[in-house]
Amino acid sequence: MKYPGRNIKKGETDKTIIKAVQTQLNKKGYGPLDVSVGVFGPKTVSAVKLFQTQNTDQNGNLLSPDGVIGAITWAVLFGENTVPQNTTVKKKLHERAIEIASSQIGVREKGSANCGPEVEKYLASIGLGKGYSWCMAFVFWCFNEAAKELGQPNPLVKTGGVLKGWNESKGTKILAKNTKQDPSLVKPGQIFIMDHGSGFGHTGIVKEVNGGFITTIEGNTNDNHSREGVGVFQLIRKVKDINKGFIQY
């Protein structure tokens, strides 16, 4: 019988489960228990406690003699294959976005400024054609691809405007003045926002944090940290140089 996914204890009302537990305890010599009634009463509790004091888990540790059948006691009583194993840890959105962004390092514009197959793919994700500045489009695309893989909505604002992405964001905003005082507020997966004045800005994804420095992945930039560059680069920036702030999703 498969583990039902919850603790089985005194007062349990599912008679099928109770009878299965009592039958198994009887088979292993911890009875006799009356299986016909299907009541998890004092006698069954005592039998479970005795079973727990005389058996060990898969790591060789004695079971806790509490009279409650959780996943560990169930596995010993019925067999490990009766408790579903889930070894897959679902990635968080920002973790997968970092991986996707990393896979794009080396992408370069082709033909003319703000053009090229990959660049136009980023721009298309926010509903724009070729020729537009695309650092915000790149960030949106990375999170959008991650969200699709994980089966969840993309929380980012669908825009190519860096400052619009900041102003309308529903994520947690960490202001630059606070990160200058405490760089530990900056975490991998956050989106940095820089304000260059006159409505212009630049953005990218934080990949790693090392004290007052961050490793970033940015689109529409260069090795010299330009906001109007030719490709996707991995760069090192100082936290104090990010003058607007960071967004956490």
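Residues numbered from 1 in each chain as written. Predicted model: local features only at pLDDT ≥ 70, side-chain atom pairs only at ≥ 80, totals over all residues. Heavy atoms only, no water.

Caption draft 1: How the structure looks around the packing of aromatic side chains. By the definition in use, this model includes seven aromatic pairs. Aromatic side chains tryptophan 74 and phenylalanine 78 sit 4.2 Å apart centroid to centroid with 25 degrees between the ring planes, which places their arrangement in the stacked category. Residue tryptophan 74 and its partner phenylalanine 78 are both found in helix α3 (residues 71–78); the two are separated by four residues, about one turn of the helix. In this structure, tryptophan 74 and phenylalanine 78 share a single accessibility class: buried. Taken together, Tyr122, Trp134, Phe138 and Trp141 form an aromatic cluster joined through their ring pairs. Across the ring face of phenylalanine 233, the terminal group of arginine 108 is positioned such that the distance to the ring centre comes to 4.0 Å. (Phe/Tyr/Trp six-rings, centres within 6.5 Å; stacked < 30°, edge-to-face > 60°. Helix = DSSP H or I, 4+ residues; strand = E, 2+ residues; numbered from the N terminus. Buried < 20%, exposed > 50% of the residue type's maximum accessible area, 1.4 Å probe, protein only. Lys NZ or Arg CZ within 6 Å of the ring centre and 35° of its normal.)

Caption draft 2: The arrangement of the side chain of glutamate 12 in detail. Its location among the elements puts glutamate 12 in the segment before α1 (15–27). In this structure glutamate 12 comes out as buried when scored by relative accessible area, which is 14%. A polar contact is formed between the side chain of glutamate 12 and the side chain of arginine 6, at a distance of 2.6 Å. Setting aside residues up to four positions removed in sequence, glutamate 12 forms contacts with Arg6, Asn7, Ile18 and Phe40. (Polar contact = N/O pair within 3.5 Å; in protein donor to acceptor, adjacent residues only side chain to side chain. Contact = heavy atoms within 4.5 Å.)

Caption draft 3: Main features of the pattern of salt bridges. With the rule as written, the count across this model stands at eight salt bridges. Where arginine 96 meets glutamate 149, a salt bridge forms, and the shortest distance between an N and an O atom there is 2.6 Å. Taken together, the positions of arginine 96 in helix α4 (residues 93–103) and glutamate 149 in helix α6 (residues 135–150) put the pair 53 residues apart, joining distant regions of the chain. When its relative accessible area of 22% is taken as the criterion, arginine 96 is described as partly exposed. Residue arginine 237 is joined to glutamate 218 by a salt bridge in which the shortest nitrogen-to-oxygen separation is 2.7 Å. Of this pair, arginine 237 sits in strand β5 (residues 231–238) while glutamate 218 sits in strand β4 (residues 213–221), and the two are 19 residues apart along the sequence. Accessibility expressed as a relative area gives 0% for glutamate 218, which makes it buried. Each of Lys91, Arg96, Glu99 and Glu149 takes part in a single network of salt bridges with overlapping partners. (Salt bridge = Lys/Arg side-chain N within 4 Å of Asp/Glu carboxyl O.)

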